[in-house]
Amino acid sequence: MNITYYENKKIKELELSEYKGDKNVKLHFLENGRLKQKTINFDSYPTINYEYDESEKLVHEWKEDDIGGCITISGNEFFWNKAGNMTTQIIHSNFGKSCSEKILIREIKEFFENSKKIKSLYYTRESYEGSEECPCGLRKEFDKDEKLMSEKKWMDCDGYDFECEKII
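Residues numbered from 1 in each chain as written. Predicted model: local features only at pLDDT ≥ 70, side-chain atom pairs only at ≥ 80, totals over all residues. Heavy atoms only, no water.

**Let's talk about the overall build of the protein chain**
Okay, so step 1: Per the secondary structure count, the protein chain includes zero helices and 12 strands.
Okay, so step 2: In sequence order, the protein chain lays out its α and β elements as β-β-β-β-β-β-β-β-β-β-β-β.
Okay, so step 3: Within the protein chain, the proportion of its 168 residues that are buried is 35%.
Okay, so step 4: Taking the intrachain contacts of the protein chain between residues at least 6 apart in sequence as the baseline, contacts between residues at least 24 apart amount to 20%.
Okay, so step 5: Put simply, the protein chain shows about 10200 Å² of open surface, and 48% of that area lies on carbon and sulfur atoms. (Helix = DSSP H or I, 4+ residues; strand = E, 2+ residues; numbered from the N terminus. Buried < 20%, exposed > 50% of the residue type's maximum accessible area, 1.4 Å probe, protein only. Contact = heavy atoms within 4.5 Å. Areas by Shrake-Rupley, 256 points an atom, 1.4 Å probe, with all protein chains shown as cover.)

What follows is the structure, encoded as structure tokens:
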């Protein structure tokens with residue numbers, strides 16, 4: 001167990017070998033003592049992270065992983081509003097061998113407020129080493145009845161061309 005304190009003597013971070021059935025857990029607290037973030041498996045990859053709002057409701061969940069020597073978010077990432085409804089889901093994928101060749105792809109689904117209906121679906125890509133994040137693939141916008149309202153095609157997501165404004 002490892003504990004870090006704020007100047008006011010309240011716990012800032014707490015590292016535990018086990019917490020509520022999870023192994024190697026790091027808890028991050030606000031100065032008022034409320035839980036801000038929980039990281040599972042903090043000492044190796046993949047780590048699973050949970051972020052909470054000021055009333056300790058879950059607002060963000062993501063996994064960080066080692067993808068061939070590069071540390072990045074992978075798999076599913078979720079965002080919720082204060083009412084507990086999902087607002088955004090991002091599916092992270094990648095291709096390329098070394099970090100300098102890695103291309104990170106994000107499939108982003110945005111939902112209508114307080115609904116499980118998709119408002120928009122689109123993709124972005126960027127290099128692991130920091131190129132500009134660019135739209136790619138299809139971008140679809142829907143109405144509340146899930147009717148397709150618009151569709152735009154960008155460059156393919158799986159290429160190495162990084163000119164962002166290429167609309168096909």
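**Here we look at the pattern of salt bridges**
Okay, so step 1: Taken as a whole and assessed by the stated rule, the structure comprises 10 salt bridges.
Okay, so step 2: For lysine 36, the salt bridge goes to glutamate 51, with nearest N and O atoms at 3.4 Å. In this pair, lysine 36 is assigned in strand E4 (residues 35-40) and glutamate 51 in strand E5 (residues 47-52), connecting sequence segments 15 residues apart.
Okay, so step 3: The structure contains a network of salt bridges with shared partners spanning Arg106, Glu126 and Glu133. (Salt bridge = Lys/Arg side-chain N within 4 Å of Asp/Glu carboxyl O.)

**A few points about the sheet that holds strand E6 (residues 58-66)**
Okay, so step 1: The 12 strands lie next to each other as E1-E2-E3-E4-E5-E6-E7-E8-E9-E10-E11-E12, forming an open sheet whose pairing is antiparallel. Since the sheet does not close on itself, it has two edges, and those belong to strand E1 (2-5) and strand E12 (148-153), each with one partner. Taken over all neighbouring pairs, the strand axes of this sheet differ in orientation by 15 degrees on average, direction set aside. (Pairing = 2+ DSSP bridges. Axes fitted to C-alpha atoms, helices over the stretch in contact; angles between N-to-C directions.)

**Description of unusual backbone geometry**
Okay, so step 1: Residues tyrosine 45 and proline 46 are joined by a peptide bond in cis, for which omega reads 0 degrees.
Okay, so step 2: Inspection of the secondary structure assignment puts proline 46 in the loop between E4 and E5.
Okay, so step 3: Positive phi, normally seen in glycine, also occurs at glutamate 56, with a value near 65 degrees.
Okay, so step 4: Among the structural elements, glutamate 56 can be located in the loop between E5 and E6.
Okay, so step 5: When its relative accessible area of 38% is taken as the criterion, glutamate 56 is described as partly exposed.

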